[in-house]
Structures are given as C-alpha cells and as structure tokens.
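# Observations on chain architecture
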Amino acid sequence: MGSHPVEPAAGSPAAVDFTEVQQTEQFRELRKRHRSFVFPMAVVFLLWYFAYVLLADYAHEFMATPVWGNINIGIILGLLQFVSTFGITMWYVSYANKRLDPIAANIRHELEEAAPEAFSDTPGGKK
C-alpha cells in the first residue's frame, strides 16, 4: 500500500512502473492534450445545458414561441441538446484518433517492448 514499487516474484511477469511512465514527456503531452479538449468542452456543454434548463423554467413564453405548427423554440432547443451531445462525441472521437491515439499507441508500444511478459495473455510473451 506504500509508495514503494513491488518486486515481481521469480518467474512472474515483469512489473511496469506506471508512476515512472506518468513522469515521461510523452505521457504529460497526452494528458495535456486530453485535458485541453475535455475540460473546456465540458464547461461549454454544461453552460449550454443549464441555459436550456433555466430557459425552460423561467422563460415560459419564450420557450413556447411557435416556430412551425406545434413546434416551438423549447422543442427545438431540447432536440439540439441531443444533437450537440452526438456532435461533441463525434468531435472527441475525431480529436482522439488524430491527437491522442498516436501518443497512447507509442507509449503502449514502448511499454510492451520494455516488459513484453506483462502484456501477454499466455506464458512466454505471445498473445
């Protein structure tokens, strides 16, 4: 439970010091890129969501403004909540594929080369 790394037992897979991995420049860059997307996007989405909730609660007349037939501004903004959720998800997937996954794959490759036994499913390091 302490901060000392555990020594692998004889014949067991090599241990990976993930604390050391977290200190590498590659991992820091990965974390920085992830946070630079996720935190601002979360703030924007939450502001948009709470604006919708507050409008629904306190701006009844505005939300009830007819746009086309029985479709009003409230329904349109409610549907846009779903659209924005899917849009943000697609944007994040694209961002992750381009900016995060290459770094993560490189870190994983380096770890697998350094300790292949730790990442194998069978004895002998073969997957």
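The structure under discussion appears in the preceding block.
Bear in mind that the values here come from a model prediction, so they are computed numbers and not experimental data.

Conventions used here
- Residues numbered from 1 in each chain as written.
- Predicted model: local features only at pLDDT ≥ 70, side-chain atom pairs only at ≥ 80, totals over all residues.
- Heavy atoms only, no water.
- Helix = DSSP H or I, 4+ residues; strand = E, 2+ residues; numbered from the N terminus.
- Buried < 20%, exposed > 50% of the residue type's maximum accessible area, 1.4 Å probe, protein only.
- Contact = heavy atoms within 4.5 Å.
- Patch = residues over 30% accessible without salt bridge, like charges linked within 9 Å, V, L, I, M, F, W, Y side chains within 5 Å.
- Areas by Shrake-Rupley, 256 points an atom, 1.4 Å probe, with all protein chains shown as cover.
- Salt bridge = Lys/Arg side-chain N within 4 Å of Asp/Glu carboxyl O.
- Core = buried A, V, L, I, M, F, W, Y, C linked by side-chain atoms within 4.5 Å.

This brings us to the environment of Phe-45. Looking at where Phe-45 falls in the secondary structure, it is placed in helix H2 (residues 25-58). Phe-45 gets classed as partly exposed once you look at its relative accessible area, which sits at 22%. Sequence-wise, Phe-45 and Thr-85 are 40 residues apart; in three dimensions their C-alpha atoms are separated by 8.2 Å. Apart from residues no more than four positions distant in its own chain, Phe-45 is found in contact with Gln-81, Ser-84, Thr-85 and Ile-88.

Side chains of Val-67, Trp-68, Ile-71, Ile-75, Ile-76, Leu-79, Leu-80, Phe-82, Val-83 and Phe-86 sit close together on the surface and give an oily, nonpolar patch of about 1000 Å² of accessible area. The set of elements that each furnish at least two residues to the nonpolar patch consists of strand S1 (66-68) and helix H4 (73-114). Per-element accounting of the nonpolar patch gives the leading share, seven residues, to H4. Looking at the element boundaries, Leu-79 is found in helix H4.

Here Gln-81 lies in helix H4. Apart from residues no more than four positions distant in its own chain, Gln-81 is found in contact with Phe-45, Trp-48, Tyr-49 and Tyr-52.

If you look at the biggest cluster of nonpolar residues, it comprises 13 residues, and the most contacted ones within it are Val-16, Val-21, Leu-30, Leu-100, Ile-107 and Leu-111. Listed by contribution, the elements that provide at least two residues to this core are H2 and H4. The dominant element in this core, judged by the number of residues it contributes, is H4, at six residues. Beyond its immediate sequence surroundings of up to four residues, Leu-111 is in contact with Val-16, Phe-18, Val-21 and Phe-119.

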